[in-house]
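Here's the letter readout for the chains.
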Amino acid sequence: MNNIFKIIYLIIFIITGTIQVNSAEKIDYLKTDWSFKGLFGKFDRASLQRGYQVYKEVCASCHSMKYVSFRNLSEPGGPEFTEEQVKAIAASYEVNDGPNSEGEMFLRPAKLSDKFVMPYENVKAAQAANGGAYPPDMSVLAKARSGGVDYIYSLLLGYEDAPSDVKLDDGVYYNKFMYGNKIKMAEPITDDLIEYGDGTPATKEQMAKDVTTFLMWAAEPHLESRHKMGFKAILYLIILTVLVYFSMKKIWSRIESEV
Amino acid sequence: MSDHEYTPKSKFGKWFNDRLPLLSLASHLTDYPTPKNLNYWWTFGGILTFCLITQIVTGLTLAMHYIAHADMAFESVEHIMRDVNYGWLIRYIHANGASMFFLAVYIHIFRSLFYGSYKSPREIIWILGIIIYLLMMAAAFMGYVLPWGQMSFWGATVITNLFSAIPLVGEGIVNWLWGGYSVDNPTLTRFFTLHYLIPFLILGLVVLHIWALHVPGNNNPVGIDIKKPSKDTVPFHPYIVIKDGFALLMFMIVFAFFVFYTPNILGHADNYIEANPLVTPAHIVPEWYLLPFYAILRSVPDKLLGVIAMLSAILILAALPWLDTSKIRSAVFRPLYKQFYWILVADVLILGYVGAMPAEGLYLLIARVATGYYFIHFLVVLPILGFKEKTMPLPLSITEPVLGGSPMASAVKKKESLN
């Protein structure tokens, strides 16, 4: 058994080493409690619904979310809107479809099976409308930045007046969490920018937290079932390991008892 | 025991076995006499077999949903993550499985280095292992390209560009590898093809690796030759099977923790950004298991010499059975080698660390010293040590250290009747 502990120490050593190397550029992000972290982490349903509202009313005017479908909004583990609600949401968008039997393309209201409608036709159009900067697609954004949700949350709240020695061009803003501190997105959320359907006060911090939670779900829609299955799988493995350990002792005792 | 001629009991079994001795093979595998003093470092062979099969099974499933096209690869991965039933699970097992595979293979290699398992008569096993390791790196590198994220694209660009260091034909070779004038769709489709092929090559080599192992039999922590079958050995089944099984389960717990709770921690965030040939990421870093070699590559100022140093760092291992001049296998009886062994382990870990850091200033200096020492260990220390080192006396048999030198003949007799 002595050796197995050595092996476990070594594995832990390598893993922690790797993780430290991976997050070498340590930045002190703003802290908030994420309900989806930890072994039993789950999304806060109300926060996801509010987060969708922030996304829809604020972010979606520039940022696409092209891998998420409307139907996902009513699926378990997500914001869990009712199907009627989602149908109504989808119907408020128009998508280009076709060609029909006359060979014409036509516009129709979006359905549950459609992906989120993009604010711009293509990347070039998005750049043209945003001073040359492409507002990144938000489908996997929470996984596509080192620092993840903490980074996004901090960035949303990290707008400041530029220090006197920093010169900013037109359409460029100062953000203490942005790489290089210069960002082409104007401060997207301010207190009471929107009015929450459930009456929650729409403070900056609340909106940042809600929309970041929503982005995490969008990037990882199966997070809840992953956590649930993981707990069961690891518990099962531990029980099996204990049983196999005693079987092993029993089998080896045939030899060792005689030595 | 394996030396005995196996005869099946049933008539059909005998008829079949005379034509295709599968039953003899199964009997050989279950009875295979294994040193009974193997410790847990020896369980990683079985763990690696598990890793290979896991990668092949999950890989086949992923290939059913993945689209190898520059415009669709990234989207198809998201399709797997979102819409394929348990696609997220299969992909996370496959992606983390690669890291687990390398974790296990590094332990396996360093176990071999410590106990001198590469020495006569096991040189062929060792060289086959080095070839498997090389193929693993190729497979892992190409696999990382397939999601067609930013790190995929730029990693592929950096690594394939290494071939341009070859004089005269370098440019031509790079264009040939790319199938064009930059990393693009033709590169992706051929990488996918090769990524699909290589695991089966590895599987074939693993069969040879095990076959070559079964000729001399396992080395053991004491490192002395043992008679087999004898009181020093146990049949592979059930003794080693259950022990390997126990170790495998412990390994699977670590594996499962990564898959279910931190599935992206070993990857790079930039790979969730779709490949864009016009935007270079701030730092292009390979996966963690390639970092020591990346550090060696960057520590040499000249591109061609850097590539040569990196390749030599791996290929030098194939010459190890002849570079190590000591007749004693196990480091347990080599007090000096033991110290150099741990220095080498530290050296490789340091190389891995500086490989992840920017190649400048102090990091570059450390990388150069560590690279130099890596080669000195194999080219200078090991050959000299074999002549200079005062080794400790070897026991006569592996039961001797276990029994503390007392013969206990009766116990041995009983055991043999059991076997």
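Description of the structure in this document. One numbering rule holds for all chains: residues counted from 1, following each sequence as written. As a convention, the first chain written is A and the first ligand written is 1, with the rest following in written order. Note on the predicted model: pLDDT of at least 70 is required for a residue's local features to be given, and 80 or more for side-chain atom pairs to be given and counted; whole-chain, interface and lining totals, by contrast, use all residues. Heavy atoms from the whole structure form the basis of all side-chain values; hydrogens and water molecules are not counted.

**With respect to a nonpolar patch on the surface**
Part 1: Where nonpolar side chains cluster on the molecular surface, the patch consists of Leu39, Phe40, Phe231, Leu235, Ile239 and Leu243 of chain A together with Phe257 of chain B and spans about 680 Å² of accessible area.
Part 2: The element that contributes the greatest number of residues to the nonpolar patch is helix H7 (residues 223–256) of chain A, accounting for four residues.
Part 3: A helix here means a DSSP run of H or I that spans at least four residues, while a strand means a run of E at least two residues long, and both kinds are numbered starting from the N terminus. By the secondary structure assignment, phenylalanine 40 of chain A is in the loop between helix H1 (2–22) and helix H2 (45–57).
Part 4: Here's how the labels work: a residue is buried when its accessible area is under 20% of the maximum for its type, exposed when over 50%, partly exposed in between, all with a 1.4 Å probe on protein chains only. Assessed through its relative accessible area of 57%, phenylalanine 40 of chain A is described here as exposed. The patches reported here contain residues having more than 30% relative accessible area and no salt bridge. Joining distances are 9 Å for like charges and 5 Å for nonpolar side chains (Val, Leu, Ile, Met, Phe, Trp, Tyr). Note that accessible areas follow from Shrake-Rupley with a 1.4 Å probe, and for residues the cover is restricted to the protein chains shown. Salt bridges are defined as contacts in which a side-chain nitrogen from Lys or Arg sits within 4 Å of a carboxyl oxygen from Asp or Glu.

**Side note on the nonpolar core**
Part 1: By size, the foremost hydrophobic cluster in this structure holds 138 residues, and its most contacted members are Phe102, Leu113, Tyr133, Trp148, Tyr374 and Phe378 of chain B.
Part 2: Looking at this core, the element that brings in the most residues is helix H5 (residues 87–115) of chain B, giving 18 residues.
Part 3: Contacts: residue pairs with any heavy atoms within 4.5 Å of one another. The residues touching tryptophan 148 of chain B, leaving out its near neighbours within four places in the chain, are Ala70, Ala73, Phe74, Phe153, Val183, Asp184, Leu188, Ile273, Glu274 and Ala275 of chain B.
Part 4: In these notes, a set of buried Ala, Val, Leu, Ile, Met, Phe, Trp, Tyr and Cys residues joined through side-chain atoms within 4.5 Å is what counts as a nonpolar core. Listed in part, the 50 residues of the second largest apolar core include Phe81, Ala142, Leu155 and Ala218 of chain A.

**Examining the interface of chain A and chain B**
Part 1: Chain A puts 58 residues into the contact, and the matching count from chain B is 60 residues.
Part 2: Accessible surface is computed with a 1.4 Å probe, and the buried area is the amount of it that two parts give up when combined, taken over both parts together. Surface buried jointly by chain A and chain B totals about 5,300 Å² across both partners, of which 76% is contributed by carbon and sulfur atoms.
Part 3: A salt bridge links aspartate 83 of chain B to lysine 115 of chain A, with the shortest nitrogen-to-oxygen separation between them at 4.0 Å.
Part 4: Pairs of N or O atoms within 3.5 Å make up the polar contacts considered here, provided that, within protein, one atom can donate a hydrogen while the other can accept it, and that residues adjacent in sequence are counted only when both atoms are side-chain atoms. Across the contact surface, chain A and chain B share twelve residue pairs in polar contact (both at pLDDT 80 or more).
Part 5: No other element matches the 20 residues that H7 of chain A contributes to the side of chain A that touches chain B.
Part 6: Residues were grouped as follows: Ala, Val, Leu, Ile, Met, Phe, Trp, Tyr, Cys and Pro as nonpolar; Asp, Glu, Lys and Arg as charged; and all remaining residues, including Gly, as polar. Residue composition of the side of chain A that touches chain B, grouped by class: 35 nonpolar, twelve polar and eleven charged.

**Here we look at the packing of H5 of chain B against helix H14 (residues 335–355) of chain B**
Residue and element names in this part refer to chain B.
Part 1: The convention used is that axes are lines fitted to C-alpha atoms, helices contributing only their stretch in contact, and that angles between N-to-C directions extend from 0 to 180 degrees. Two elements in contact, H5 and H14, have axes whose closest approach is 10 Å; the angle formed by their N-to-C orientations is 160°. By the angle between their axes, H5 is roughly antiparallel relative to H14. In the crossing of H5 with H14, the sense of the turn from one axis to the other is right-handed. The segment H5 lies against H14, with Phe110, Arg111, Leu113 and Phe114 engaging Tyr337, Lys338, Tyr341, Trp342, Leu344, Val345 and Val348.
Part 2: Class assignment of the residues belonging to the contact of H5 with H14 gives a composition of nine nonpolar, no polar and two charged. Roughly parallel covers angles under 35 degrees, roughly antiparallel covers those over 145, roughly perpendicular covers 65 to 115, and oblique covers all other angles. Throughout, a crossing is termed right-handed when the near helix is turned clockwise from the far one, and left-handed when it is turned anticlockwise from it by less than a right angle.

Geometric values such as these leave the question of function open.
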